[in-house]
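Structure at a glance
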Amino acid sequence: MAETDYTQTDISLRGDEHIRVYRESGGKEGYIWNGVPTLLLTVTGRRSGEPKTSALIFARDGDDYLVVASKGGAPQHPLWYVNLQADPHAEVQVQDRTMSVVARTATPEEKPRLWRIVTEAWPNYDLYQSRTDRDIPVVVLSPT
């Protein structure tokens with residue numbers, strides 16, 4: 001993907017504001033962000049033990065939710081991913097539905113198929129991967 005293929009995102013709703021609006025509206029606002037669905041992922045901070053929530057783009061693979069630890073192509077993993085590596089038990093909110101999930105990183109064998117699914121939803125992931133030497137993980141969130 002060339003830099004010119006990058007789709008500029010509307011960042012008027014992001015971070016804590018995105019999470020607040022999503023929660024308050026039961027996902028009526030914030031679920032669709034830049035034309036794609038988002039979920040709220042709440043993990044346990046590996047140092048603090050406190051809940052940490054992120055709004056993330058997702059795709060589906062059967063009953064599983066797929067999220068990508070891209071951090072826009074930064075050289076390090078996002079903190080939510082590092083926290084999931086320490087404790088894979090988490091909670092997701094999809095619109096007004098909340099559920100417990102267990103997270104795992106896609107295996108090298110399954111990642112190409114899952115990468116196609118997530119880049120179909122958000123093509124910018126290909127550009128993010130081109131910006132970094134780290135292998136950007138696809139994370140599988142399986143409801144428990």
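Our structure is the block above this text.
Residues numbered from 1 in each chain as written. Predicted model: local features only at pLDDT ≥ 70, side-chain atom pairs only at ≥ 80, totals over all residues. Heavy atoms only, no water.

**Considerations on the side chain of K111**
Within the secondary structure, K111 sits in helix α3 (residues 111-121). Residue K111 is classed as buried on the basis of its relative accessible area, which comes to 12%. There is a polar contact of 2.5 Å between the side chain of K111 and the backbone oxygen of I136. Leaving out residues up to four positions away in the same chain, K111 has contacts with A106, Q129, D135, I136 and V138. (Helix = DSSP H or I, 4+ residues; strand = E, 2+ residues; numbered from the N terminus. Buried < 20%, exposed > 50% of the residue type's maximum accessible area, 1.4 Å probe, protein only. Polar contact = N/O pair within 3.5 Å; in protein donor to acceptor, adjacent residues only side chain to side chain. Contact = heavy atoms within 4.5 Å.)

**Focus: the nonpolar core**
Counting residues in hydrophobic clusters, the biggest one holds 23 residues, and the most contacted among them are L39, L41, W80, L84 and L141. Where this core is concerned, the elements lending two or more residues are α1 (15-25), β2 (36-44), β5 (64-68), α2 (79-86), β6 (89-94), β7 (97-105) and β8 (138-143). Those residues in contact with L84, other than ones at most four positions away along the chain, are L41, V43, A90, A103, V139 and L141. Residues A106, L114, W122 and Y125 belong to the second largest nonpolar core, which totals 16 residues. (Core = buried A, V, L, I, M, F, W, Y, C linked by side-chain atoms within 4.5 Å.)

**A closer look at the pattern of salt bridges**
Counting across every chain of the model gives 5 salt bridges. For R20, the salt bridge identified is with E17, shortest N-O distance 2.6 Å. One end of the pair, R20, and the other, E17, are both in helix α1, 3 residues apart, so they sit about a helical turn from each other. Residue E17 is classed as partly exposed on the basis of its relative accessible area, which comes to 38%. (Salt bridge = Lys/Arg side-chain N within 4 Å of Asp/Glu carboxyl O.)

**Things to note about the packing of aromatic side chains**
In total, this model carries 6 aromatic pairs according to the counting rule given. Judged by centre distance (6.3 Å) and plane angle (50 degrees), the ring pair of Y31 and F58 falls under tilted. Here F58 lies in the loop between β3 (51-57) and β4 (59-61) and Y31 lies in the loop between α1 and β1 (32-33), a separation of 27 residues in the sequence. You can call Y31 buried: its relative accessible area is 17%. Look at F58 and you get buried, because its relative accessible area is 6%. Ring geometry for W80 against Y81: centres 6.2 Å apart, planes inclined by 85 degrees, an arrangement best described as edge-to-face. Just as W80 is buried, Y81 falls in that class too. Among the aromatic side chains, those forming a connected cluster through ring pairs are Y31, F58 and Y65. (Phe/Tyr/Trp six-rings, centres within 6.5 Å; stacked < 30°, edge-to-face > 60°.)

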